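Reading the structure
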Amino acid sequence: MDLIKSLFVSASGLKAQNGRMRIIAENVANADSTGRTPGEDPYWRKIATFKSHFDKEVGGEMVQLGKLSEDTTPFEVRYEPGHPAADEKGYVKAPNVNTLVETVDMREAQRSYEANLNVIEATRRMVQKTIDILRA
């Protein structure tokens, strides 16, 4: 039944967007972290990717979280001579996490999550209407 297939496909979208939001939350949580020792790299921003696969049982394309990749944007360098991770010149490497970008990504993931949830709710209503019609 196509309605059931849409439930499974939307549920896979919910799961994938949930994973994306966890990665974004990790990025935000580490936005101010630095290395512990001079010259040590700080936290690398992670980027979520998605992949699709055909599920034979469902008979449809499902989406899932793919491999995580690290953002190769260079680290920000700040002058903080008293910091434990400062190099001999007093500079500290800061993570390549931009909280504004993460906020936008989180909002996009949230909207995708809500869209998948709306499909599930609409499907549930259609199934309930079908049951009501068959009972009448």
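Every value quoted in this text rests on a predicted model; they were computed, and no experiment measured them.

Rules used in this analysis
Residues numbered from 1 in each chain as written. Predicted model: local features only at pLDDT ≥ 70, side-chain atom pairs only at ≥ 80, totals over all residues. Heavy atoms only, no water. Helix = DSSP H or I, 4+ residues; strand = E, 2+ residues; numbered from the N terminus. Rg over C-alpha atoms; globule rule 2.2 N^0.38 Å. Buried < 20%, exposed > 50% of the residue type's maximum accessible area, 1.4 Å probe, protein only. Contact = heavy atoms within 4.5 Å. Phe/Tyr/Trp six-rings, centres within 6.5 Å; stacked < 30°, edge-to-face > 60°. Pairing = 2+ DSSP bridges. Axes fitted to C-alpha atoms, helices over the stretch in contact; angles between N-to-C directions. Parallel < 35°, antiparallel > 145°, perpendicular 65-115°, else oblique. Left-handed = near helix turned anticlockwise from the far one by under 90°. Nonpolar A, V, L, I, M, F, W, Y, C, P; charged D, E, K, R; others polar.

As a further point, take the overall build of the protein. Scanning the protein for helices and strands turns up two helices and six strands. Counting from the amino terminus, helix and strand elements in the protein follow one another as α-β-β-β-β-β-β-α. Computed over its C-alpha atoms, the radius of gyration of the protein comes to 22 Å, more than 25% above the 14 Å expected for a compact globule of 136 residues. Scored against the burial criterion, the 136 residues of the protein give a buried share of 28%. Counted over contacts in the protein with a minimum sequence separation of 6, partners at least 24 positions apart contribute 60%.

Taken as a whole and assessed by the stated rule, the structure comprises two aromatic pairs. Taking the centre distance of 4.3 Å and the plane angle of 50 degrees together, the rings of Trp-44 and Phe-75 count as tilted. Taken together, the residues Trp-44 in the loop between α1 (2–29) and β1 (46–47) and Phe-75 in the loop between β4 (69–70) and β5 (76–79) connect sequence positions 31 residues apart. Judged by its relative accessible area of 27%, Trp-44 falls in the partly exposed class. With relative accessibility at 15%, the residue Phe-75 sits in the buried group.

The subject of this paragraph is the pairing of strand β2 (residues 50–55). Note that β2 and strand β3 (residues 60–65) share six bridges and pair antiparallel. Across the sheet, residue Lys-51 finds its bridge partner in β3, namely Gln-64. Taken together, β2 and the strand that follows it, β3, pair antiparallel across an intervening segment of four residues, in which Gly-59 is found at a positive phi of about 80 degrees.

Another point: the side chain of Asn-116. Take Asn-116: it is sitting in helix α2 (residues 99–135). A relative accessible area of 18% means that Asn-116 is categorised as buried. Ignoring anything within four residues of it in the chain, the contact list for Asn-116 reads Ser-10, Gly-13 and Leu-14.

Take the packing of α1 against α2 next. It is the contact of α1 with α2, at a shortest axis distance of 9 Å, that shows an interaxial angle of 160 degrees. Taken together, α1 and α2 sit at an angle that is classed as roughly antiparallel. Considering only the axes of α1 and α2, their crossing is left-handed. By residue class, the composition of the contact of α1 with α2 is 16 nonpolar, 10 polar and four charged.

Turning our attention to the environment of Tyr-91. Among the secondary structure elements, Tyr-91 is positioned in strand β6 (residues 91–94). Separated by 14 residues in sequence, Tyr-91 and Val-77 have C-alpha atoms that sit 6.2 Å apart. If we ignore the near neighbours within four places in the chain, the residues touching Tyr-91 are Val-77, Arg-78, Tyr-79, Ala-85 and Ala-86.

Here Ser-10 lies in helix α1. Among the residues examined, Ser-10 registers a relative accessible area of 5% and is labelled buried. Excluding residues that lie within four positions of it along the chain, Ser-10 makes contacts with Asn-116, Val-119 and Ile-120.

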